[in-house]
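Each chain, letter by letter, is given below.
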Amino acid sequence: MESMKLNLALQGGGAHGAFTWGMLDRLLDQRPLQLEGISGTSAGAMNAVLLAAGWQQGGAEGARELLARFWHGLMMPGPLDPGGMSHHWSLWWRDMTKHLSPYDLNPFDINPLRDLLEELVDFDALRRNPPFKLFIAATHVESGRLRLFREHELTPDHLLASACLPELYQAVEIEGEHYWDGGFVGNPVVYPLVFDCQARDLMLLLLHPRSSSGLPTHAQGIADRVAELGFQTTFLREMRALAAMKQRMKNRPWLQSRLARRIRQLRVYRLEPGEGLNNLHRGSKLDTRRDFLLALHGLGQDGMQHWLQQDGTHLGRKGNCDLEAEFL
């Protein structure tokens, strides 16, 4: 099977990032790829950097192995119990964080992710010789602006910044500036994959459905939908702007700049979670029990396998996301 050049945009969603792990696991196993650029936010940033570091060590198979080591390293013991103990724990924790900040609850700023990242990723080697471009999103706390960290500057702090939920962790300080989760300003960020890369094919691996299955009327359902919208607004605005540019370029075929041609020729593939993920409550994004993460990984594998069987032949030929129809 002939390989193709592809850019990836990986959405964040806490523990639900194990679903993306499953999708990547199956994609890297089934399809020869030449990756040019990956953007990632929060859990998507973790997946992006683990993929890059693993690829540097051993190509696609090395990426699969390192992603697996990372997610297995996060796993806590406990049986799968959807809607049970983990839900009650997340509600208790949410009530606690209404009254106490992470500066109260975690004064020493302990984050077990740091040790895991330092164990698995050779950041010096990644900075010296990255296998492809990386765009890691974080939110600058004081200004509210998007900050994109690039492959040549990455350290564990940059990943922790991208995944720093302010209710759970103290802001991450980098060179005197403070950062929170990148999901507030870009989840995922798309524009650098269009303007700073050359590949015509862009795959969006999403964890939040673009539309809700119905009107939420209960307090928890309303809160979950509000949170989803808050973490998708910037992404949807960015996609709308890209769709408007594509429409304008199509209506002005005499524009022959490199960027104009690139936007006209861009092929976008959007892969969204199915009901198995959409029906989970928001608190499950904090659930790192082994059975739960493995179940998400399996759902991601199945979702990618289904997509490859249904639409995989269109890769490199025709996108499954009509930007103008879906975002204008």
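Residues numbered from 1 in each chain as written. Predicted model: local features only at pLDDT ≥ 70, side-chain atom pairs only at ≥ 80, totals over all residues. Heavy atoms only, no water.

## Overview of the overall build of the protein
The condition that has to hold: Numbering goes from the N terminus for both helices and strands, where a helix is a DSSP run of H or I of at least four residues and a strand is a run of E of at least two. Accessibility here uses a 1.4 Å probe with only protein chains present; expressed as a share of the type maximum, an area under 20% marks a residue as buried, one over 50% as exposed, and anything in between as partly exposed. It only takes one pair of heavy atoms within 4.5 Å for two residues to be counted as in contact.
Summing up its helical and strand segments, the protein has 14 helices and 8 strands in all. Considering the protein as a whole, with its 328 residues, one finds that 50% of them fall into the buried category. Taking the contacts inside the protein whose residues are at least 6 apart along the sequence as the reference set, 78% of them involve residues at least 24 apart.

## What to know about the packing of helix α2 (residues 43-74) against helix α5 (residues 112-120)
Under the convention used in this document: Note on geometry: axes are C-alpha line fits, over the in-contact stretch for helices, and angles between N-to-C directions span 0 to 180 degrees. Oblique is the label for any angle not covered by the other classes, which are roughly parallel (under 35 degrees), roughly antiparallel (over 145) and roughly perpendicular (65 to 115). By convention the crossing between two helices is left-handed if the near helix lies anticlockwise of the far one by an angle smaller than a right angle, and right-handed if it lies clockwise.
Packing of α2 against α5 brings their axes to within 10 Å, and their N-to-C directions diverge by 155°. By the angle class used here, α2 and α5 are roughly antiparallel. At the point where α2 passes α5, the crossing takes the right-handed sense. Taking contact as the criterion, the partners of M46, L50, Q57, L66, R69, F70, G73 and L74 in α2 are, on α5, L113, L116, L117, E119 and L120.

## Here's the deal with the confidence of the model for the protein
Here is the rule we go by: Every residue gets a pLDDT, meaning the predictor's confidence in that residue, from 0 to 100.
Looking at the protein, pLDDT values average 87 and 88% of them are 70 or higher. pLDDT under 50 marks residues 82-86. Its contacts with residues more than four places away, or in other chains, come to 5 contacts.

## Overview of the environment of I222
As for its placement among the helices and strands, I222 is situated in helix α9 (residues 219-230). Those residues in contact with I222 that lie beyond four places of it in its chain are P216 and T217.

## Regarding the pattern of salt bridges
For side chains bearing opposite charge, pairing can occur when the charged atoms are close. Using the following cut-off: In what follows, salt bridge is the name for a side-chain nitrogen of Lys or Arg lying within 4 Å of a carboxyl oxygen of Asp or Glu.
Evaluated as defined, the whole model comprises 12 salt bridges. Linking R114 and D157 is a salt bridge whose minimum nitrogen-to-oxygen distance equals 2.7 Å. With R114 in helix α5 and D157 in helix α7 (residues 156-162), this pair connects stretches of sequence that are 43 residues apart. Measuring nitrogen to oxygen at the nearest pair gives 4.0 Å for the salt bridge that ties D291 to R290. We classify D291 as partly exposed; its relative accessible area is 31%. When salt bridges that share partners are traced, they join D25, D29, E61 and R64 into one network.

## Some words on the side chain of R267
To keep it simple, the criterion reads: Whenever two N or O atoms come within 3.5 Å, that pair is a polar contact, provided that in protein one can donate a hydrogen and the other can accept it, and provided that, for residues adjacent in sequence, both atoms are side-chain atoms.
Counting through the fold element by element, R267 comes out in strand β8 (residues 267-271). Residue R267 is classed as buried on the basis of its relative accessible area of 17%. At 3.4 Å, the side chain of R267 forms a polar contact with the backbone oxygen of G316. Aside from chain neighbours lying at most four places away, what touches R267 is R200, D201, L202, G316, R317, K318 and G319.

## Observations regarding α9
Here is the rule we go by: Every helix has an expected span of 1.5 Å times one less than the residues it contains. Directions from the helix axis toward the C-beta atoms define the arc.
Here α9 is 12 residues long and its end C-alpha atoms lie 17 Å apart, about the 16 Å a rise of 1.5 Å per residue gives. For α9, the complete set of buried residues consists of D224, R225, A227 and E228. Taken around the axis of α9, the buried residues stretch over an arc of 160°, which confines them to a single face. Among the exposed residues of α9, those oriented more than 90 degrees off its buried face are A219 and V226.

## Considering the UniProt feature "active site" (unreviewed entry) in the protein
Under the convention used in this document: UniProt positions are given in the numbering used here, feature names are shortened, and annotations may be inferred rather than shown by experiment.
Feature annotation in UniProt places "active site" (unreviewed entry) on S42 and D181, given in this structure's numbering. Considering the C-alpha atoms alone, the annotated residues occupy 140 residues of sequence yet fold into one spot, their largest mutual distance being 6.3 Å. Mapped onto the secondary structure, S42 falls in the loop between β2 (33-41) and α2. Setting aside its immediate chain neighbours within four residues, S42 contacts G12, S162, A163 and D181. As for its placement among the helices and strands, D181 is situated in strand β6 (residues 177-181). D181 has contacts with T41, S42, T139, A161, S162, A163, C164, L165 and F231, leaving out every residue within four places of it along the chain.

## A word on the nonpolar core
Basically, it comes down to this: In this description, a nonpolar core means a group of buried Ala, Val, Leu, Ile, Met, Phe, Trp, Tyr and Cys residues linked to one another through side-chain atoms lying within 4.5 Å.
Of all hydrophobic cores here, the largest spans 64 residues; its most connected members are L8, L51 and M203. If one sorts the elements of this core by residue count, α2 sits on top with 14 residues. Among residues more than four places away in sequence, those in contact with M203 are L6, N7, L8, A9, L27, Y269, L271, M304, W307 and L315. One finds F135, A137, L204 and M249 within the second-largest nonpolar core, a separate group that totals 24 residues.

## Brief notes about the packing of helix α1 (residues 17-30) against α2
Short version of the rule: Residues were grouped as follows: Ala, Val, Leu, Ile, Met, Phe, Trp, Tyr, Cys and Pro as nonpolar; Asp, Glu, Lys and Arg as charged; and all remaining residues, including Gly, as polar.
Two elements in contact, α1 and α2, have axes separated by 8 Å at closest approach and are oriented at 20°. It follows that α1 is roughly parallel to α2 by the angle criterion. Remark: the crossing between α1 and α2 carries right-handed chirality. Across the interface between the two elements, G17, A18, T20, W21, L24, D25, L28 and D29 from α1 touch A43, N47, L51, W55, A60, A63, R64, L67, A68, W71 and H72 from α2. For the contact of α1 with α2, the per-class residue count stands at 12 nonpolar, 4 polar and 3 charged.

## A closer look at the pairing of β6
Every regular strand shows the same layout, with side chains that alternate between the two sheet faces. Here is the rule: For two strands to be treated as a pair, DSSP must find at least two bridges joining them.
Strand direction decides the pairing type here: strand β3 (residues 133-140) and β6, joined by 3 bridges, are antiparallel. Within the sheet, the bridge partner assigned to A138 lies in β6 and is D181. Where strand β5 (residues 172-174) and β6 come together, 3 bridges link them in antiparallel fashion. Its bridge partner lying in β6, E173 is registered against H178. Here β5 folds back onto β6 in antiparallel fashion, the turn holding 2 residues, of which E175 has a positive phi close to 50°.

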